[in-house]
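Structure assessment
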Amino acid sequence: MVLQRAILLGELANEVEKSLEQERQEIIRLADGRNPLTGDPFGSDVAAIFDTFLSRNVPGEGEVYITLVDGEPYRTTIAPEGVRLDQDVALVEQWAALTEGERGALDTDAGPVRYLAVPLAANGSTAGVFVVANFERQEREEVENFIRTEAIVSGLVMLIALSTAWLLAGRLLRPVREVTDTAQAITETDLSRRIPVESNDEIGRLAATFNDMLDRLDTAFATQRRFVDDAGHELRTPITVVRGHLELLGDDPADRAETVAIVTDELDRMARIVNDLLLLAKAEQPDFITPEPTELSELTAELVMKARTLGDRRWRLAAGDGIVQLDQQRITQAVLNLIRNAVEHTSPGDEISVGSSSDDTTVSLWVADHGPGVPPDDRERVFERFDRGAADPRTEGVGLGLSIVRAVVDGHHGSVEVIETPGGGATFTITLPRSGPARRGSDHT
């Protein structure tokens, strides 16, 4: 606005100068012309020149015409606020003595004045002087009022803009503050806090990404706590057994051999528990499942071949065919756990069926036996950790095998269920997507 004011005042000065110059040119052209009343040249009759000029021209805004004849004021137009420059003796004498044009500026009660004095010569001397003066106060006040109005409007606009920006900034930064507050409120034992996502802009995506990070951390901590709890719960008994037998170890060779056998069995049991727990913990990691093209018939035949070493049973194979996408190693682990479970709940010579099939969208693998079966009330909880349902207490295991099966199936985005085998027993069926598990979306942090 300061620059704009300076430009406007500069343009005003230029306009005043142009107006003064225009009046000068008009009075000179008129002096060189003829008197409209007589038709003769004006000659030395400067009074007639001034009369004709004043009769034909009306002063512009802030303009005043002053005429001098023989050094005395002749006629003048009305000046703003009644200022009479023709009554300033010193100024009149200055103008009357001119022999050539003069530009100047004055300070009056009506504000600054710019003038242009044009002497008219007759018989070799100055017979009259024409002065056009421009009082600039009104134009200057218009410029100042314009700048003042613009300043007020700009100030209001700026105030509104700042207020709006303040509100918008607070709204935009609120999720950032919530991220900070949530991060400060998170402890090792409480990762449940989440940031509400209210928009889909950058801040909303930041909040969503932060929530995803908290979900991953919560899962990691939960997995860690579950592993520690499970390990502590299941390893306590074999450690107590080992310690008790070692404390009672005597010198008798038979007792020592029996103790060593018991301790070795308990240590093997501890090793199996730790391996199973590590496998379940790894199931939470994104690289737990690595699918690859697999021939279904070859996989099923290989499973039955490995199953024969687990027990003396009548094995039946029902293999499907086709190329499917799955992690062969993990599926082998899962199905062998089902087969081992079937062996533990059947007797030598009993029949166990292992089969597979596929269609356009899914692939299924199953293990069926004719053992005691699984009661309907236990068919969901048998897949939980350390829950053996109504299993025969004489069977081995701590209840992690079926948990591993579910972890592998979940990693493939599939499902597992147990139903009653026709004629009695249990049939465990794994159903997986034929094209493999859907890829997880990339996480951006």
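The following paragraphs examine the structure supplied in this document. In this text the structure is predicted, and so the values were computed from the model without any measurement. (Residues numbered from 1 in each chain as written. Predicted model: local features only at pLDDT ≥ 70, side-chain atom pairs only at ≥ 80, totals over all residues. Heavy atoms only, no water.)

One pass over the structure, following the stated rule, counts one cavity of 30 Å³ or more. What the largest cavity holds in volume is close to 40 Å³. Grouping the amino acids of the lining of the largest cavity by side-chain chemistry returns six nonpolar, two polar and two charged. (1 Å grid on protein atoms, 1.4 Å probe; cavity = no way out; pocket = protein on both sides within 12 Å on 5 of 7 lines; lining within 4 Å. Points joined across faces, edges and corners; volume = space filled by probe spheres on them. Nonpolar A, V, L, I, M, F, W, Y, C, P; charged D, E, K, R; others polar.)

The next point concerns the side chain of T429. Among the structural elements, T429 can be located in strand β12 (residues 426-433). Residue T429 is classed as buried on the basis of its relative accessible area of 15%. Those residues within four positions of T429 in sequence are excluded, and the remaining contacts are S364, L365, W366, S415, V416 and E417. (Helix = DSSP H or I, 4+ residues; strand = E, 2+ residues; numbered from the N terminus. Buried < 20%, exposed > 50% of the residue type's maximum accessible area, 1.4 Å probe, protein only. Contact = heavy atoms within 4.5 Å.)

We now examine the sheet that holds strand β3 (residues 102-108). Ordered by their spatial adjacency, five strands build an open sheet running β2-β1-β5-β4-β3, and the pairing between neighbours is antiparallel. The strands lining the two open edges of the sheet, one partner per strand, are β2 (72-76) and β3. Averaged over neighbouring strand pairs, the angle between their axes works out to 25° when direction is ignored. Contacts between helix α1 (residues 2-31) and the sheet are confined to β1 (63-69), β3, β4 (111-122) and β5 (125-135), with β4 contributing the most and set at about 20° to the helix. (Pairing = 2+ DSSP bridges. Axes fitted to C-alpha atoms, helices over the stretch in contact; angles between N-to-C directions.)

One non-glycine residue, E81, lies in the positive phi region at around 60°. Of note, E81 is situated in the loop between β2 and α3 (89-96). The phi angle at H413 is positive, at roughly 60°, despite the residue not being glycine. When you line up the elements, H413 lands in the loop between α9 (401-411) and β11 (415-420). Among the residues examined, H413 registers a relative accessible area of 42% and is labelled partly exposed.

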